[in-house]
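Residues per chain, in single letters:
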Amino acid sequence: MDIFKHFTSIVTSEVEALAGAGRLPAGLPTGYAVEPPREVGHGDLTTNAALVLAKPARLAPRAIAELLAERLRGHADVASADVAGPGFINLRLQDAFWQRQLDAILAAGTAYGDSALGAGEAINVEYVSANPTGPLHVGHVRGAVYGDALANLLQKAGFAVTREYYINDAGAQVDALAHSTFVRYREALGEAVGPIPEGLYPGEYLQPVGAALAARDGRHWLDRPQSEWLEPIRAFAIDAMMAEVRRDLKELGVEHDVFSSERALHADGRVARALAALQAGGHVYTGILEPPKGKKPDDWEPRPQTLFRATAFGDDVDRPLRKSDGSWTYFAADIAYHHDKFTRGFRRMVDVWGADHGGYVKRMRAAVAALTGGAGTLDIKICQLVRVLRAGQPVRMSKRAGEFVTLAELIREVGADAVRFIMLTRKNDAALDFDLAKVLEQSRDNPVFYVQYAHARCCSVRRRSGGAIPSRTDPAMLARLGDSGELSLMRRLALWPRTVEAAAEAHEPHRIAFYLYDLTQEFHAQWNRGNDDPAVRFIVPEDEGLTQARLVLVEAVRMVIASGLAVMGVKPVEEMR
RNA sequence: GGACUCGUAGCUCAGUUGGAUAGAGCGCUGCCCUCCGAAGGCAGAGGUCGGAGGUUCGAAUCCUCUCGAGUCCGCCA
């Protein structure tokens, strides 16, 4: 149960009751909410109902607040209801109310915080979608972790989530991959190939691919013309790279449900069909674009092009659909891809892109709007750059020289859990520094350690209790939990369902990381009090009843940490080493 | 020239979708601890939210303008 929704509905029924008694006008709107107060000193809950209702009710906010507060005081869970400031109502709840929440948490386990928000609606989250021309590197990791955590989060919020990867296996880049692989193939067969030609991929990661091809086909392709080997070797290389990508992603804990091929979209006519649909809607025409101002390409020459009328849907210019040789642009294929997702039943789509694709957002949104007549929604989340720091110094990355930190290396160095956690400690659209030393530090300013440590401490309590965590609770037992630190932990736990929903709605999984940090901070603080004062320790040998109640609290904390980490895709640890 | 994202404490960043005295960590200052419930604890000082207007009962949050940083800008994907 989300306690804030619970009390919002109580306020609503009291407003109706007051209207029924003639003390408020009937038919007032319900734009108000019961929320946690920003200032803890203001109480447990606060509502702006009187402020929101003042205008439609044509009454002073404080007068409405007084009426409502009077009614709210009559509820058994409400300890006090005070009018404050311009007309807020601050509620304090009985300890028993908070204690009762522990029941709900223990009963639900890590399902506590699951929401019906999504109502089982299908949603497609597309992420990573890196070109199959090389191994994944740090530039891809953030999107991978963000997308995966978002998918987990949406699942927890009640959506039917499909995790999808779009393979850009068409176009010049995969042809270059095929040529590069052919060079490595010749090399594997003993030829002296010299330096890798300009325009091809020089990375050593293609050596094993060439060797594997040689092992499979022997010298078969050596004297054949390019027209014969290009396609089969391209397919071979793409398969090899995608196998590596999938293996690396699996190491990171990322597994997609669906891999969609761009090449297949072209091959089976889906591109042509999508574009025909766009054309039928009157969104395609032939025209001449203005050159971009301020950065005019040297070889610019005006020419008529097949254009999508993106400006009709909020974009700045209309966008080309065909290259000068008549083939489809990448954008055209991407339109077809989103059309395909929509026809597969996804009215809701999320794309996770890197910062360098920011300029592409408007046209894609425009295309989806045009294709679906507004029935499909596309949210595009941009992940800003990650700077990897070693000893406080940025690690230089040059793709051309082939020196970049790969995902596999990153995981080998600090572990998948640390990688995932750190990637979620920033909002997706803010730049992120990844300090390789800091993530392994055992201190409070390393959130990975801090949160894991809290979970380990919970497990430690459980171990030392000898497995004596009560499976059932009763109000009398939980009534022993009256310490201020215990109560603020209970209040924090009650924020979890609300945190999940808000994060899911905003598509912001980083909020989970921040919540966990706050929760564990309070847990550690309570633990530390036990260092000085044995009476507030979780295990009090001379008081079994109190210990039982506290074990319930600790177990509830552990479950919420574990379910938060599950959303982040981080494994909770039982002990620190 | 334009588009997009970001400007919040000395530093790195949150900010519950417009609420009441803007939060956390680091750093700084002070006090306490040296305890395996280890990998420190507690407390304090410190920002008017880049700047200027506007909307609102109420703005870090929405609008306009402006300054600064990053990313991007036909036929690459």
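Criteria and thresholds
- Residue numbering note: each chain is counted from 1, following its sequence as written.
- Each chain takes a letter, starting from A, and each ligand takes a number, starting from 1, following the order in which they are written.
- The predicted origin of the model limits local features to residues at a pLDDT of at least 70 and limits the giving and counting of side-chain atom pairs to 80 or more, whereas totals for whole chains, interfaces and linings rest on all residues.
- Computation of side-chain values: all heavy atoms of the structure, hydrogens and water removed.
- Domain delimitation in this document rests on an assignment produced automatically or drawn from a domain database.
- Contacts: residue pairs with any heavy atoms within 4.5 Å of one another.
- A 1.4 Å probe defines the accessible area here, and the buried area is the portion of it lost by two parts on being joined, summed over both.
- Any carboxyl oxygen of Asp or Glu that lies within 4 Å of a side-chain nitrogen of Lys or Arg is treated as forming a salt bridge with it.
- Here a polar contact is taken to be a pair of N or O atoms separated by no more than 3.5 Å, where protein atoms must pair a possible hydrogen donor with a possible acceptor and residues adjacent in sequence count only if both atoms sit in side chains.
- Secondary structure is summarised from DSSP: a helix means a run of H or I of at least four residues, a strand means a run of E of at least two, and numbering begins at the N terminus for each.
- DSSP-based pairing: two strands are paired if at least 2 bridges between them are found.
- When a residue's accessible area, from a 1.4 Å probe over protein chains only, is under 20% of the maximum for its type it is buried; when over 50% it is exposed; and in between it is partly exposed.
- Centres within 6.5 Å make a pair out of two Phe, Tyr or Trp rings, where for Trp the six-membered ring is used; the pair is then stacked when the planes are under 30 degrees apart, edge-to-face when over 60, and tilted otherwise.
- Note on geometry: axes are lines fitted to C-alpha atoms, helical ones only across the stretch in contact, with angles between N-to-C directions running from 0 to 180 degrees.
- Each angle gets one of four labels, with under 35 degrees taken as roughly parallel, over 145 as roughly antiparallel, 65 to 115 as roughly perpendicular, and the rest as oblique.
- Note on residue categories: nonpolar means Ala, Val, Leu, Ile, Met, Phe, Trp, Tyr, Cys or Pro, charged means Asp, Glu, Lys or Arg, and polar means any other residue, Gly included.
- Note on definitions. A residue lies near a molecule or strand when any single heavy atom of the residue is within 4 Å of it.

Moving on, we get to the domain arrangement of chain A. According to the domain assignment, chain A consists of domain 1 (3-93), domain 2 (123-167 + 258-383), domain 3 (172-251) and domain 4 (442-568). Here domain 1 and domain 4 have C-alpha centroids that lie 31 Å from each other. Each side of the interface is counted separately: domain 1 has seven residues, and domain 4 has five residues. Across the interface of domain 1 and domain 4, roughly 460 Å² is buried in total on both sides, 52% from carbon and sulfur atoms. The largest per-residue losses of area from domain 1 upon contact with domain 4 belong to F4, K5 and D44, which jointly make up 61% of the total buried on that side. At the boundary of domain 1 and domain 4, one finds three salt bridges. Between E501 and K5 there is a salt bridge; the shortest N-O distance is 2.8 Å. At the boundary of domain 1 with domain 4, the tally comes to two residue pairs in polar contact (both at pLDDT 80 or more). For the side of domain 1 that touches domain 4, the elements supplying multiple residues, two or more each, are helix 1 (3-20) and strand 1 (34-35).

Moving on, we get to the pairing of strand 4 (residues 88-93). Taken together, the three bridges between strand 2 (residues 45-47) and strand 4 define a ladder with antiparallel strand orientation. The residue of strand 4 that forms the bridge with L45 is L91. In this sheet, strand 4 lies alongside strand 3 (residues 78-84) in antiparallel orientation, the contact comprising six bridges. For A84, the partnering residue across the bridge sits in strand 4 and is F88.

Another point: helix 14 (residues 416-423). Burial within helix 14 is extensive, with eight of its eight residues counted as buried. Those residues of helix 14 not exposed but buried are A416, D417, A418, V419, R420, F421, I422 and M423.

The next subject is the packing of aromatic side chains. How two aromatic rings sit relative to each other is set out by the distance from centre to centre and by the angle between their planes. Under the criterion given, the structure shown has 17 aromatic pairs. Ring geometry for F308 versus F331: centroids 6.2 Å apart, planes at 45°, classification tilted. Highlighted residues: F308 in strand 9 (residues 304-308) and F331 in helix 11 (residues 330-343), separated in sequence by 23 residues. Across the pair, F331 and F308 agree in class, each one buried. Between the aromatic rings of F523 and F538, the centroid separation amounts to 5.4 Å while the plane-to-plane angle is 5°, which identifies the pairing as stacked. Of the two residues, F523 is situated in helix 19 (residues 510-532) and F538 in the loop between helix 19 and helix 20 (544-568); the sequence distance between them amounts to 15 residues.

Where helix 5 (residues 138-156) contacts helix 14, the axes come no closer than 9 Å and their chain directions differ by 80°. What the angle tells us is that helix 5 and helix 14 run roughly perpendicular. Mapping the contact onto sequence places V141, R142, V145, D148, A149 and N152 in helix 5 and V419, R420 and M423 in helix 14. Taken together, the residues of the contact of helix 5 with helix 14 sort by class into five nonpolar, one polar and three charged.

Looking now at the sheet that holds strand 7 (residues 258-261). Taken together, five strands build an open sheet; the order of strands is 7-6-5-11-12 and the sheet is parallel. With partners counted over all chains shown, the strands left at the sheet margins are strand 7 and strand 12 (377-383), one partner each. Put simply, the sheet's adjacent strands are angled 25° from each other on average, direction ignored. For strand 11 (residues 348-354) and strand 12, the ladder comprises seven bridges, and the chain directions are parallel. Bridging from a neighbouring strand, D351 pairs with I380 of strand 12. Seen against the sheet, helix 8 (residues 226-251) touches strand 6 (160-167) and strand 7 and runs at an angle of roughly 140° to strand 6.

All right, on to the side chain of T181 then. You can see T181 is positioned in helix 6 (residues 172-188). What makes T181 buried here is its relative accessible area of 0%. A polar contact of 2.8 Å, which involves the side chain of T181, links it to the backbone oxygen of L177. Once residues within four sequence positions are removed from consideration, T181 is found in contact with L206, V209, G210, I233 and A237.

Our focus in this paragraph is the protein's contact with RNA strand B. For RNA strand B, the set of nearby residues contains 64 residues, the closest of which are E35, K323, S324, Y453 and N531. In RNA strand B, the atoms that sit within 4 Å of the protein are 54% sugar and phosphate, with bases accounting for the remainder. The contact in question runs from a sugar or linking oxygen of RNA strand B to an N or O atom on the side chain of R426, over 2.8 Å. Backbone polar atom of A506 to a base oxygen of RNA strand B: 3.3 Å apart, as the coordinates give it. Those elements giving two or more residues to the surface near RNA strand B turn out to be helix 2 (49-57), strand 4, helix 6, helix 15 (447-464), helix 18 (496-506) and helix 19. Of all the elements, helix 19 adds the most residues to the surface near RNA strand B, at seven residues. Considering only residue class, the surface near RNA strand B consists of 23 nonpolar, 17 polar and 24 charged.

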